[in-house]
Every structure is written in C-alpha cells, then in structure tokens.
Amino acid sequence: MQTTKASQTLVNAEGLIVGRMCSKVAKRLLNGEEVIVVNAEKAVFSGKKKSKVAESHLFLEVGAPARGPFHYRRPDRFLRKTVRGMVPFKQPKGKNAYKRLKVFMGVPVELKGQQMITFEDASSADLKGPHFTLGELAKEIGWRNRME
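In this report, the structure presented in the accompanying data block is examined. (Residues numbered from 1 in each chain as written. Predicted model: local features only at pLDDT ≥ 70, side-chain atom pairs only at ≥ 80, totals over all residues. Heavy atoms only, no water.)

1. Quick word on the pattern of salt bridges
As enumerated under the stated definition, the model contains seven salt bridges in all. A salt bridge links K102 to E34, with the nearest nitrogen and oxygen atoms 3.6 Å apart. Taken as a pair, K102 in strand β4 (residues 101-103) and E34 in strand β2 (residues 34-38) lie far apart in primary sequence, 68 residues in all. Residue classification places K102 among the partly exposed residues on the basis of a relative accessible area of 36%. In this structure, E140 and K49 form a salt bridge, with 3.8 Å as the shortest nitrogen-oxygen distance. Here E140, found in helix α5 (residues 134-140), pairs with K49, found in helix α2 (residues 49-60); they are 91 residues apart in sequence, far enough to count as distant. (Salt bridge = Lys/Arg side-chain N within 4 Å of Asp/Glu carboxyl O. Helix = DSSP H or I, 4+ residues; strand = E, 2+ residues; numbered from the N terminus. Buried < 20%, exposed > 50% of the residue type's maximum accessible area, 1.4 Å probe, protein only.)

Below, the structure written as structure tokens:
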C-alpha cells in the first residue's frame, strides 16, 4: 500500500552493509518517501574480497556490451541497481518508487550540512569476519575512478 508521504530521507551509507541497507531503502521507497543515499563507495560487503570479486567477474561475462544486460561498475550505479532488485520495478508502483531514489558518491555540495540518518541494524561495526567496501570491489571489476 503506497502512502502519499512527500518526505525526503538522506541516508549516509558509510559503514553500512549493502544488502541490509538497500532493503531498508527499498521499503522506504515503496512507502512513498524520496531517498537520497550519499557515500555509496563507502558501503560495506561482508565476506572474503577474493570470492566476491570472482563472483562478480563471472557475472560480468553474461551478455554483450551492445545488447545488454548492462553491468555497472561505478559504486553509485551498483548500489542503485541493488535497490532496483528489491522493488517490483516492472510494475507501476515499483517504477515510481525507483524514480524517487538518488545515489551519490561522496556528499554533494547542496547536501552538505543536512541531517543524515544511518541504519543501526545495518551497521558493519558488529562484523567479526572479513569485509571490504563497495569502492574496493568497483576498482577490482573495472571502475576507473573518474567522475562523470
């Protein structure tokens, strides 16, 4: 059920686990909120970096560059596509929810100084095993770190 909230939520992704954070963001989008995620490259994956990079390289072999599917390597687009997988984007409510999502690397000038929230239950502070950032994964799979 979609409500008509016109609220805007600013989420700081620094130190948050990607999957847990994206599920919370997807839920807020489906409830009618506009969500802006900043510091996308500082979001965290849990697990061994080597195995996740290998899994990503296998996934990147699917498709063709001209026809698709298109695999993004930039952290902000990667995070956006992760959220897309958690909303029913082929249905009108999912399309509208997805349009309300904005993801940035770093903090844009116009958003500096605004109140940002973080999800405590998505924090990577409690991780005991290996973990790495989305920026590190992006560099491994071909992101050249240039601002477009």
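2. Thoughts on helix α1 (residues 18-30)
Here α1 contains 13 residues, and its C-alpha end-to-end distance of 18 Å stays within 8% of the 18 Å for a straight helix at 1.5 Å per residue. Where α1 is concerned, the buried positions are V18, M21, C22, V25, A26 and L29. One side of α1 carries all its buried residues, which in axial view fall inside an arc of 135°. Buried residues belonging to α1 abut β1 (8-12), β2, β3 (44-46), α3 (75-84), α4 (92-99) and β4. At the exit of α1 stands G32, carrying a positive phi of roughly 100°. (Expected span 1.5 Å × (residues − 1). Arc of directions from axis to C-beta. Contact = heavy atoms within 4.5 Å.)

3. Some details on the pairing of β1
Along β1, four of the five residues are buried, which leaves the element largely enclosed by surrounding structure. In the sheet, β1 pairs with β2 via five bridges, with the strands oriented parallel. The partner of L10 across the bridge, within β2, is I36. Following the chain from β1 across α1 to the adjacent parallel β2, one finds a crossover that is right-handed. (Pairing = 2+ DSSP bridges. Right-handed = clockwise from strand over helix to strand, strands pointing away.)

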